[in-house]
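# Structural characterization, general
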Amino acid sequence: AQSVTQLDSQVPVFEEAPVELRCNYSSSVSVYLFWYVQYPNQGLQLLLKYLSGSTLVKGINGFEAEFNKSQTSFHLRKPSVHISDTAEYFCAVSFQGAQKLVFGQGTRLTINP
Amino acid sequence: NAGVMQNPRHLVRRRGQEARLRCSPMKGHSHVYWYRQLPEEGLKFMVYLQKENIIDESGMPKERFSAEFPKEGPSILRIQQVVRGDSAAYFCASSLIATGSFDEKLFFGSGTQLSVL
(Lines give C-alpha, C1' and ligand atoms only; values in the text may rest on other atoms or scores of the structure.)
Protein backbone atom coordinates (compact mmCIF):
# COMPACT_ATOMS: atom_id res chain seq x y z
CA ALA A 1 0.00 0.00 0.00
CA GLN A 2 1.15 3.53 -0.72
CA SER A 3 1.19 5.75 2.33
CA VAL A 4 2.91 8.73 3.92
CA THR A 5 3.67 8.95 7.62
CA GLN A 6 4.81 11.93 9.62
CA LEU A 7 5.96 10.43 12.86
CA ASP A 8 5.58 13.52 15.04
CA SER A 9 2.28 15.36 15.34
CA GLN A 10 3.90 18.17 17.33
CA VAL A 11 7.48 19.35 17.65
CA PRO A 12 8.37 22.08 20.16
CA VAL A 13 11.82 23.66 19.86
CA PHE A 14 13.57 26.73 21.18
CA GLU A 15 14.36 29.63 18.92
CA GLU A 16 17.70 29.31 17.09
CA ALA A 17 17.80 25.56 17.79
CA PRO A 18 18.00 23.05 14.92
CA VAL A 19 14.93 21.05 13.96
CA GLU A 20 14.17 17.91 12.00
CA LEU A 21 10.67 16.95 10.93
CA ARG A 22 10.39 13.33 9.90
CA CYS A 23 8.58 11.89 6.91
CA ASN A 24 8.50 8.29 5.76
CA TYR A 25 6.62 6.78 2.88
CA SER A 26 5.70 3.31 1.73
CA SER A 27 5.92 2.55 -1.98
CA SER A 28 7.20 0.05 -4.52
CA VAL A 29 7.07 2.58 -7.36
CA SER A 30 8.94 5.76 -8.12
CA VAL A 31 8.08 8.84 -6.08
CA TYR A 32 8.21 12.59 -6.17
CA LEU A 33 8.45 14.19 -2.73
CA PHE A 34 7.29 17.53 -1.37
CA TRP A 35 7.18 19.56 1.81
CA TYR A 36 4.48 22.18 2.28
CA VAL A 37 4.04 24.73 5.06
CA GLN A 38 0.71 26.07 6.28
CA TYR A 39 0.72 29.24 8.34
CA PRO A 40 -2.37 29.98 10.43
CA ASN A 41 -5.42 30.81 8.34
CA GLN A 42 -3.51 30.45 5.09
CA GLY A 43 -3.23 27.94 2.29
CA LEU A 44 -0.31 25.62 1.75
CA GLN A 45 2.95 26.93 0.37
CA LEU A 46 5.58 24.78 -1.27
CA LEU A 47 8.81 24.67 0.73
CA LEU A 48 10.77 22.32 -1.49
CA LYS A 49 10.45 19.29 -3.72
CA TYR A 50 12.50 16.33 -4.88
CA LEU A 51 11.94 15.12 -8.43
CA SER A 52 15.32 13.66 -9.37
CA GLY A 53 19.04 14.31 -9.14
CA SER A 54 20.78 15.35 -5.94
CA THR A 55 19.17 13.80 -2.91
CA LEU A 56 19.76 16.94 -0.83
CA VAL A 57 17.20 19.54 -1.74
CA LYS A 58 17.28 23.14 -0.58
CA GLY A 59 14.09 25.13 -0.24
CA ILE A 60 12.85 28.50 0.87
CA ASN A 61 13.33 30.04 4.32
CA GLY A 62 16.52 28.08 5.00
CA PHE A 63 14.89 24.64 4.95
CA GLU A 64 16.40 21.58 3.31
CA ALA A 65 15.43 17.94 3.00
CA GLU A 66 17.24 14.75 2.10
CA PHE A 67 15.77 11.92 0.09
CA ASN A 68 16.89 8.55 1.41
CA LYS A 69 15.63 5.84 -0.91
CA SER A 70 16.84 2.90 1.18
CA GLN A 71 15.06 4.22 4.25
CA THR A 72 12.12 5.60 2.26
CA SER A 73 12.43 8.89 4.09
CA PHE A 74 12.38 12.58 3.24
CA HIS A 75 13.13 14.40 6.47
CA LEU A 76 12.99 18.19 6.64
CA ARG A 77 15.68 20.11 8.47
CA LYS A 78 16.61 23.64 9.44
CA PRO A 79 19.81 24.44 11.33
CA SER A 80 18.38 27.40 13.26
CA VAL A 81 14.67 28.11 13.58
CA HIS A 82 12.94 31.44 14.04
CA ILE A 83 9.67 32.35 15.71
CA SER A 84 8.22 32.96 12.26
CA ASP A 85 8.70 29.27 11.41
CA THR A 86 5.79 28.39 13.70
CA ALA A 87 3.37 26.58 11.39
CA GLU A 88 2.03 23.21 10.30
CA TYR A 89 4.30 21.25 7.97
CA PHE A 90 3.05 18.62 5.55
CA CYS A 91 5.01 16.00 3.69
CA ALA A 92 3.42 14.92 0.41
CA VAL A 93 4.21 12.26 -2.16
CA SER A 94 3.27 11.66 -5.75
CA PHE A 95 3.44 7.96 -6.51
CA GLN A 96 4.68 7.12 -9.99
CA GLY A 97 4.01 10.63 -11.23
CA ALA A 98 0.32 10.63 -10.42
CA GLN A 99 -1.35 14.04 -10.45
CA LYS A 100 -2.79 13.59 -7.00
CA LEU A 101 -0.62 14.03 -3.93
CA VAL A 102 -0.81 11.84 -0.83
CA PHE A 103 -0.22 13.89 2.30
CA GLY A 104 1.08 12.96 5.71
CA GLN A 105 -0.89 13.89 8.80
CA GLY A 106 1.12 17.04 9.39
CA THR A 107 3.58 18.18 12.06
CA ARG A 108 2.89 21.27 14.13
CA LEU A 109 6.16 23.12 14.73
CA THR A 110 6.10 25.39 17.75
CA ILE A 111 8.99 27.73 18.42
CA ASN A 112 9.54 28.84 21.99
CA PRO A 113 11.54 32.00 22.73
CA ASN B 1 -1.85 38.35 -9.86
CA ALA B 2 -4.23 37.16 -7.21
CA GLY B 3 -3.65 33.70 -5.83
CA VAL B 4 -6.15 30.86 -5.69
CA MET B 5 -9.34 32.32 -4.23
CA GLN B 6 -11.74 30.21 -2.25
CA ASN B 7 -15.04 31.36 -0.84
CA PRO B 8 -16.59 31.40 1.52
CA ARG B 9 -13.83 31.09 4.13
CA HIS B 10 -16.31 29.68 6.61
CA LEU B 11 -19.57 27.94 5.82
CA VAL B 12 -22.08 26.72 8.37
CA ARG B 13 -24.81 24.33 7.34
CA ARG B 14 -27.40 22.26 9.16
CA ARG B 15 -27.68 18.56 8.50
CA GLY B 16 -29.52 17.89 5.27
CA GLN B 17 -28.70 21.22 3.64
CA GLU B 18 -26.51 21.71 0.59
CA ALA B 19 -23.01 23.19 0.67
CA ARG B 20 -21.45 24.87 -2.35
CA LEU B 21 -17.75 25.70 -2.19
CA ARG B 22 -16.18 27.89 -4.84
CA CYS B 23 -12.64 28.01 -6.12
CA SER B 24 -11.24 30.54 -8.57
CA PRO B 25 -7.86 29.31 -9.82
CA MET B 26 -4.95 31.57 -10.53
CA LYS B 27 -5.21 33.50 -13.78
CA GLY B 28 -4.41 31.28 -16.71
CA HIS B 29 -4.57 28.05 -14.73
CA SER B 30 -6.78 25.37 -16.21
CA HIS B 31 -6.08 22.53 -13.77
CA VAL B 32 -7.90 22.41 -10.44
CA TYR B 33 -7.60 19.97 -7.57
CA TRP B 34 -9.80 19.63 -4.48
CA TYR B 35 -8.52 18.23 -1.20
CA ARG B 36 -10.27 17.66 2.12
CA GLN B 37 -8.64 17.96 5.52
CA LEU B 38 -10.46 16.27 8.36
CA PRO B 39 -9.59 17.30 11.94
CA GLU B 40 -6.16 16.05 13.01
CA GLU B 41 -5.54 14.50 9.60
CA GLY B 42 -3.57 15.38 6.51
CA LEU B 43 -5.11 16.51 3.26
CA LYS B 44 -6.88 13.83 1.23
CA PHE B 45 -7.22 14.11 -2.52
CA MET B 46 -10.77 14.32 -3.77
CA VAL B 47 -10.91 15.27 -7.44
CA TYR B 48 -8.86 16.66 -10.32
CA LEU B 49 -10.55 18.72 -13.01
CA GLN B 50 -9.59 20.52 -16.16
CA LYS B 51 -11.87 22.99 -17.85
CA GLU B 52 -15.23 21.22 -18.38
CA ASN B 53 -13.74 17.80 -17.64
CA ILE B 54 -13.31 15.59 -14.59
CA ILE B 55 -9.97 13.84 -14.96
CA ASP B 56 -9.71 11.90 -11.71
CA GLU B 57 -12.43 11.62 -9.09
CA SER B 58 -11.04 8.60 -7.29
CA GLY B 59 -11.08 10.42 -3.95
CA MET B 60 -14.68 11.62 -4.12
CA PRO B 61 -17.29 9.90 -1.98
CA LYS B 62 -19.67 8.01 -4.24
CA GLU B 63 -22.77 9.79 -3.02
CA ARG B 64 -23.73 13.41 -2.32
CA PHE B 65 -20.47 14.93 -3.60
CA SER B 66 -19.96 16.44 -7.03
CA ALA B 67 -17.53 18.85 -8.65
CA GLU B 68 -17.45 20.91 -11.79
CA PHE B 69 -15.12 23.35 -13.51
CA PRO B 70 -17.09 25.12 -16.23
CA LYS B 71 -15.64 26.92 -19.20
CA GLU B 72 -16.44 30.22 -17.52
CA GLY B 73 -16.43 30.82 -13.80
CA PRO B 74 -15.03 29.12 -10.74
CA SER B 75 -14.80 25.46 -9.90
CA ILE B 76 -17.60 24.33 -7.61
CA LEU B 77 -17.53 21.53 -5.06
CA ARG B 78 -21.08 20.63 -4.14
CA ILE B 79 -22.13 18.56 -1.16
CA GLN B 80 -25.77 17.59 -0.98
CA GLN B 81 -27.59 16.64 2.23
CA VAL B 82 -24.59 17.37 4.43
CA VAL B 83 -23.89 15.29 7.51
CA ARG B 84 -21.72 16.06 10.55
CA GLY B 85 -18.92 13.93 9.14
CA ASP B 86 -18.59 16.37 6.24
CA SER B 87 -17.24 19.01 8.62
CA ALA B 88 -13.72 19.68 7.42
CA ALA B 89 -11.47 22.16 5.68
CA TYR B 90 -11.73 21.94 1.91
CA PHE B 91 -8.73 23.15 -0.06
CA CYS B 92 -8.50 23.92 -3.73
CA ALA B 93 -5.27 24.03 -5.69
CA SER B 94 -4.52 25.05 -9.25
CA SER B 95 -1.69 24.69 -11.70
CA LEU B 96 -0.84 25.94 -15.16
CA ILE B 97 -0.20 22.45 -16.47
CA ALA B 98 -0.86 19.01 -15.14
CA THR B 99 1.19 18.36 -12.04
CA GLY B 100 2.23 15.02 -13.46
CA SER B 101 5.30 16.79 -14.78
CA PHE B 102 5.79 18.63 -11.49
CA ASP B 103 7.88 21.29 -13.14
CA GLU B 104 4.98 23.62 -12.54
CA LYS B 105 4.07 24.58 -9.03
CA LEU B 106 0.79 23.75 -7.43
CA PHE B 107 -0.81 26.79 -5.76
CA PHE B 108 -3.22 26.29 -2.88
CA GLY B 109 -6.07 28.47 -1.70
CA SER B 110 -6.71 29.31 1.95
CA GLY B 111 -9.50 26.78 2.19
CA THR B 112 -13.16 26.75 3.17
CA GLN B 113 -13.98 25.55 6.65
CA LEU B 114 -17.29 23.72 6.53
CA SER B 115 -19.11 23.20 9.80
CA VAL B 116 -22.22 21.04 9.86
CA LEU B 117 -24.49 21.53 12.87
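Summarised in this report is the structure supplied together with it.

Cut-offs applied
- Residues numbered from 1 in each chain as written.
- Chains lettered and ligands numbered in written order.
- Predicted model: local features only at pLDDT ≥ 70, side-chain atom pairs only at ≥ 80, totals over all residues.
- Heavy atoms only, no water.
- Helix = DSSP H or I, 4+ residues; strand = E, 2+ residues; numbered from the N terminus.
- Rg over C-alpha atoms; globule rule 2.2 N^0.38 Å.
- Buried < 20%, exposed > 50% of the residue type's maximum accessible area, 1.4 Å probe, protein only.
- Contact = heavy atoms within 4.5 Å.
- Buried area = accessible area lost by both parts, 1.4 Å probe.
- Salt bridge = Lys/Arg side-chain N within 4 Å of Asp/Glu carboxyl O.
- Polar contact = N/O pair within 3.5 Å; in protein donor to acceptor, adjacent residues only side chain to side chain.
- Disulfide = S-S within 2.5 Å.
- Phe/Tyr/Trp six-rings, centres within 6.5 Å; stacked < 30°, edge-to-face > 60°.
- Pairing = 2+ DSSP bridges.
- Axes fitted to C-alpha atoms, helices over the stretch in contact; angles between N-to-C directions.

## Here's the deal with the overall build of chain B
Helix and strand counts for chain B stand at zero helices and 11 strands. Along the chain direction, N to C, the helices and strands of chain B fall in the order β-β-β-β-β-β-β-β-β-β-β. Its C-alpha radius of gyration of 13 Å places chain B within 12% of the 13 Å reference for a compact globule of 117 residues. Dimensions of chain B, computed from the C-alpha atoms along their principal axes, are close to 40 × 30 × 25 Å. When each of the 117 residues of chain B is scored for burial, the buried share is 43%.

## Side note on the interface of chain B and chain A
At the interface, 23 residues of chain B touch 21 residues of chain A. Buried area between chain B and chain A, both sides added, is near 1,700 Å², and the carbon and sulfur share of it is 59%. Summed over the shared surface of chain B and chain A, the result is one salt bridge. Here Lys100(A) and Asp56(B) are joined by a salt bridge, their closest N and O atoms 3.9 Å apart. Where chain B meets chain A, there are two residue pairs in polar contact (both at pLDDT 80 or more).

## Notes on the state of the cysteines
Within this structure, the stated rule accounts for two disulfides over all chains. Paired through a disulfide, Cys23(A) and Cys91(A) show a sulfur-sulfur distance of 1.9 Å. Here the S-S torsion is close to -65 degrees, and the disulfide linking Cys23(A) with Cys91(A) is therefore left-handed. Here Cys23(A) is found in the loop between strand S3 (19-21) and strand S4 (24-26), whereas its partner Cys91(A) is found in strand S10 (residues 87-95), with 68 residues between them in sequence. Each member of the pair, Cys23(A) together with Cys91(A), is buried. A sulfur-sulfur separation of 1.8 Å characterises the disulfide bridge that pairs Cys23(B) with Cys92(B). Since a negative S-S torsion denotes a left-handed disulfide, the Cys23(B)-Cys92(B) link at about -55 degrees is left-handed. With Cys23(B) in strand S3 (residues 19-24) and Cys92(B) in strand S9 (residues 88-95), the pair connects residues that are 69 residues apart, well separated along the chain. Owing to a relative accessible area of 0%, Cys23(B) belongs among the buried residues under this scheme.

## Quick word on the packing of aromatic side chains
Tallied over the full model, the rule gives 12 aromatic pairs over all chains. Ring plane angle 80 degrees and centroid distance 6.4 Å describe the contact between Phe90(A) and Phe103(A), whose orientation is recorded as edge-to-face. Here Phe103(A) lies in strand S11 (residues 102-103) and Phe90(A) lies in strand S10, a separation of 13 residues in the sequence. On the accessibility criterion, Phe103(A) (5% relative accessible area) is buried. A centroid spacing of 4.5 Å and a plane angle of 5 degrees characterise the contact between Tyr33(B) and Tyr48(B), whose relative ring orientation is stacked. Taken together, the positions of Tyr33(B) in strand S4 (residues 31-37) and Tyr48(B) in strand S5 (residues 43-50) put the pair 15 residues apart, joining distant regions of the chain. Of the two residues, Tyr33(B) and Tyr48(B), neither departs from the other in class, the shared state being buried.

## Concerning the sheet that holds strand S1 (residues 5-7) of chain B
Residues and elements named next belong to chain B. Spatial strand order, S1-S3-S8-S7: four strands in an open sheet with antiparallel pairing. Each edge of the open sheet carries a strand with a single partner, namely S1 and strand S7 (65-68). Averaged over all adjacent pairs, the angle separating strand axes in this sheet is 15 degrees, with direction ignored. With four bridges joining them, S7 and strand S8 (residues 75-79) adopt antiparallel strand pairing. What sits directly across from phenylalanine 65, in S8, is isoleucine 79.

None of this, on its own, says anything about what the molecule does.
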